[in-house]
Amino acid sequence: MVTLAEVAQHAGVSASTVSYVLSGKRSISTTTRQRVERSIRELGYHPNAGARALASSKSNIIALMVPLRTDMYVPVMMEIAIAVATTARTHGYDVLLLTGEEGPDAVRRVTGSGLADAMILMDVELDDERLPLLRGTHQPSVLIGLPADITGLTCVDLDFKATGALCVEHLAMLGHRDIAVIGEAPAVYERHTGFAVRTLEGLRSRARELGVRLLHRPCEGGYDAMALTLARILDERPGTSGFVVQNESAIEPLLALLRQQGRAVPEDVSVVAVCPEQVATQASVRLTSVAIPAQEMGRHAVERLVAKLDGRGADEVVLISPELTVRASTGPAPSSTT
């Protein structure tokens, strides 16, 4: 491993001069700085992270809090996390992944220990217990998600309320008047997780405006849970001809159950999903869907956080507009239901 002393010898300067170039704490002539930087590149020198953090009071680390719960679709969370990590690296930051369900304790641990220079929080609830701590610290932070009160916060998210509205509009335009929403697991709504609650708000408000009947049923996902949920829906609303699914683990079971019951998609029923593009295109029926822009969300979050770290960022809310892609799972409502 190349040492600071070896860089100094190669550049023909003192070790303290190399240190000043790295820390920026003293003014160094352009010629000397360029000579030191050239030696650093040629020798492949990497400063010791711990020593550098002590010297500069910076860790060059971003803490990413992403609780990995069993009732959430982990691949989406990980896609966002990868986007955060790759974008952070382009700005010279590494990412510390905190996956426990620690809530406020995780925020206290980061702010109190100097583990990271800034934080990105995921799995945001409407009344998230972590938010008072964020508002009370000078450490920069960004939420991937939208709480009820956005005062003093920077948030990045898909516009899930508009997403719900877009799904209803598409089915209503095709003549569907009875629509069932197969949602996330009950615990997601009990926690008042922002994305799920806001999607439901958008679905319900737009359905009222369009005169469409809407039935929402949470679902644990998996075949058995989906079978019970579907039976309940069709018992309560036998004329249901449109489905909106916001639960990746329920998609294939739903399509399989509809086939078993002789309900053709899209001739008899139409299905719209809110899910990653890959899930929609690889389903047994290519799904009309609103994609989760995971990479865009992760990139926007890091860019806003880096701007704050550089003293350029202000609190703001970035809502990504939803885009609905029509595929093979939606069509005109059957004449008997119109």
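Residues numbered from 1 in each chain as written. Predicted model: local features only at pLDDT ≥ 70, side-chain atom pairs only at ≥ 80, totals over all residues. Heavy atoms only, no water.

(A) Representation of unusual backbone geometry. With an omega of 15 degrees, the peptide bond running from Val265 to Pro266 counts as cis. Counting through the fold element by element, Pro266 comes out in the loop between helix H12 (248–260) and strand E9 (270–275). (Helix = DSSP H or I, 4+ residues; strand = E, 2+ residues; numbered from the N terminus.)

(B) Expanded view of the sheet that holds strand E4 (residues 141–144). In space, the 6 strands of this open sheet follow the order E2-E1-E3-E4-E5-E11, with parallel pairing throughout. The sheet is open, and its two borders are formed by strand E2 (94–98) and strand E11 (317–320), each paired with just one other strand. Recorded for the sheet is a direction-independent mean angle of 20 degrees between the axes of neighbouring strands. Alignment of strand E5 (residues 155–158) against E11, held across 4 bridges, turns out to be parallel. Within the sheet, the bridge partner assigned to Cys155 lies in E11 and is Val317. (Pairing = 2+ DSSP bridges. Axes fitted to C-alpha atoms, helices over the stretch in contact; angles between N-to-C directions.)

(C) Region of interest: the packing of aromatic side chains. Tallying each qualifying case throughout the model produces 1 aromatic pair. Aromatic pair Phe160 and Phe195: ring centres 5.6 Å apart, planes at 55 degrees, arrangement tilted. Taken together, the residues Phe160 in helix H8 (residues 160–173) and Phe195 in helix H10 (residues 194–210) connect sequence positions 35 residues apart. Among the residues examined, Phe160 registers a relative accessible area of 5% and is labelled buried. (Phe/Tyr/Trp six-rings, centres within 6.5 Å; stacked < 30°, edge-to-face > 60°. Buried < 20%, exposed > 50% of the residue type's maximum accessible area, 1.4 Å probe, protein only.)

(D) Region of the structure containing the nonpolar core. Counting 48 residues, the largest nonpolar core has Ile80, Ile120, Ile144 and Leu203 as the members making the most contacts within it. Of the domains in this structure, domain 2 (61–158 + 294–320) and domain 3 (160–291 + 324–337) are the two that each give at least three residues to this core. The contact partners of Ile144, leaving out residues within four places of it in the chain, are Ile80, Val84, Ile120, Leu121, Met122, Asp123, Val124, Val156, Met297, Gly298 and Ala301. Counting 26 residues, the second-largest nonpolar core is a separate cluster that includes Leu254, Val265, Ala283 and Val285. (Core = buried A, V, L, I, M, F, W, Y, C linked by side-chain atoms within 4.5 Å. Domains from an automatic or database assignment. Contact = heavy atoms within 4.5 Å.)

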